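Breakdown of the fold
Residue strings, one per chain:
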Amino acid sequence: SSKSNSLTELSNLLKAAPKDLLRLDVNEEGVRGVFLNRNIRKDEIILKVPLKSCLRDDEAPEWIQGEASNPHEWRIRLAASFLETQLSETRAFVGFREWYDMLPDPDVLRASLPVHWTGDMLSNAKCTALELLVDGAFFNREGAMEILCAGLDKREGGDAMSAETKRQLCSNALDVVETRSCRVETVNSQFRSLPLRLVAPVFDFVNHGSNRCVGDGSSNAYFLLEQERTLVVRARHDLDSNAEVLIDYGDSTRPAWRCLATYGFVPKFSEQQILEEEDELEEEGQVDNIAELFVGGRRYEVGPSFVPMDLVAAAADGRNTENVELTSQIAQRLAERMYDAACSLEVQTDESTPNLETPHAYREVLSEQLAVSLRRSQHEILKSCAQGLELWAQESLTTEFI
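Residues numbered from 1 in each chain as written. Predicted model: local features only at pLDDT ≥ 70, side-chain atom pairs only at ≥ 80, totals over all residues. Heavy atoms only, no water.

Topic: the packing of aromatic side chains
Any pair of aromatic rings gets described here by the distance separating the centres and the angle formed by the planes. Applying the stated criterion across every chain yields a total of 10 aromatic pairs. For the pair F82 and W99, a centre-to-centre distance of 5.9 Å together with 75° between the ring planes defines the contact as edge-to-face. Residue F82 is located in helix α3 (residues 74-87), and its partner W99 is located in helix α4 (residues 96-102); the two are separated by 17 residues in the primary sequence. Each member of the pair, F82 as well as W99, carries the same accessibility label: buried. When the centroid spacing of 6.2 Å and the interplanar angle of 35° are considered together, the rings of Y263 and F265 count as tilted. Three or more aromatic residues joined by ring pairs form one cluster here, namely F82, F93, F96, W99 and Y100. (Phe/Tyr/Trp six-rings, centres within 6.5 Å; stacked < 30°, edge-to-face > 60°. Helix = DSSP H or I, 4+ residues; strand = E, 2+ residues; numbered from the N terminus. Buried < 20%, exposed > 50% of the residue type's maximum accessible area, 1.4 Å probe, protein only.)

The structure is reproduced here in structure tokens:
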């Protein structure tokens, strides 16, 4: 197929391997991803991409090095590398033009990221944590834009660009870097105390699957840097031909609002958490499924089977979390509050056909769908937690009367 050929051709240009194992296709949800052309055994190599074919945050172009020397400014350096390959008229960057043609439309990518949403669209998601993340990201982004635009002025030909053109180019570069970069541990980096940040063509088309759940939506592959020169993807278990390859993008996908703010998608809600690790993961804030709950004007975070003790104390009209215990009455009270919160997040089904006649209308619909997806995810988590509390309360009452 042409999709398979395009990925094979790109792999050839970028010296990625194996060359005929993977293809680009669309999954059941209509999302483009990477699929296998044959069966794979556990730990077998699915993909190898040499570092020399990647954009690296420690090899930024000269025109930005003096502007973004702070090790933590990796987004700026990677965005500058992206711009350099995009604007360069030399043939030094083999394969990158073909890669650009396969990237999402810049306006569609922009519509998927809440940092670009209007205030009304952001409010429609009904998530305070998302709004706070976007507020912080907006100001950080403006600072990055100023540095990149100033750097472009120093690049040959950069001063001939209009201010608007430079802002558009820099904004898209930051969007690409934010949504398509990965981090690997290495000792051969300019910033040895920090992981190396990469944008790896071919690898970047692999979609997210969680390591924290099993079954649908879970990861089936993992990646690492091997021999300090190759980014390698291997199978976590045996995989059948035509399976979609999924890797865990890391902690930036947890919880769902952080994933939406960072990558522009809402991960699937899954009740199939890896239960034996759940307590430890909750303490580290790494559980996939977390929802906001406000009680007495204070914000709390709950999971399908997790309620923090300070929330239990608040429901018990007390502040001392050391002596508080969850009782059937408190559990029922919390369940009722969660049901109320879940109801406030319900989305009315609109059976009308959305207007997609113009690009602007399509982008608005995409942003709205993502806001709605986050609300639904929060709704399901709150409902699941409420049901668990109700069941626990009923079992506790039954035990008391035996």
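So that's the structure; there's more coming.
Observations regarding the sheet that holds strand β6 (residues 196-199)
The strand order across the open sheet formed by 3 strands is β4-β6-β5, and the pairing between neighbours is antiparallel. Each edge of the open sheet carries a strand with a single partner, namely β4 (55-56) and β5 (181-184). The strands touched by helix α8 (residues 163-180) within the sheet are β5 and β6, with β5 carrying the most contacts at an inclination of about 50°. (Pairing = 2+ DSSP bridges. Contact = heavy atoms within 4.5 Å. Axes fitted to C-alpha atoms, helices over the stretch in contact; angles between N-to-C directions.)

Quick look at the layout of surface pockets
Rolling a probe over the atoms, with the probe sized like a water molecule, indicates the empty space that remains. One number sums up the size of the second largest pocket: a volume of about 410 Å³. Around the second largest pocket sit 17 residues that line it, and R110, R167, Q168, S171 and N172 are the ones nearest its centre. At the level of secondary structure, the elements contributing two or more residues to the lining of the second largest pocket comprise α5 (106-112), α7 (128-154) and α8. Top contributing element to the lining of the second largest pocket by residue count: α8, with 7 residues. Partitioning the lining of the second largest pocket into residue classes produces 5 nonpolar, 5 polar and 7 charged. (1 Å grid on protein atoms, 1.4 Å probe; cavity = no way out; pocket = protein on both sides within 12 Å on 5 of 7 lines; lining within 4 Å. Points joined across faces, edges and corners; volume = space filled by probe spheres on them. Nonpolar A, V, L, I, M, F, W, Y, C, P; charged D, E, K, R; others polar.)

Describing unusual backbone geometry
The omega angle of the peptide bond from A17 to P18 is -10°, so this bond is cis rather than trans. Looking at where P18 falls in the secondary structure, it is placed in the loop between α1 (2-13) and β1 (22-26). R254 connects to P255 through a cis peptide bond whose omega is -10°. Even without a glycine there, the phi angle at V202 is positive, about 80°. Of note, V202 is situated in the loop between β6 and β7 (207-208). Of note in this structure, Q227 is not a glycine but carries a positive phi near 55°. For Q227, the location among the structural elements is in the loop between β8 (221-226) and β9 (230-235).

Details of the environment of C170
Tracing the chain through its elements places C170 in helix α8. C170 gets classed as buried once you look at its relative accessible area, which sits at 0%. When the C-alpha positions of C170 and A80 are compared, they lie 8.1 Å apart, and in sequence the two are 90 residues distant. Not counting the four nearest positions on each side in its chain, C170 is found in contact with L83, M145, L148, C149 and L152.

Any link to function would need more than the numbers given here.
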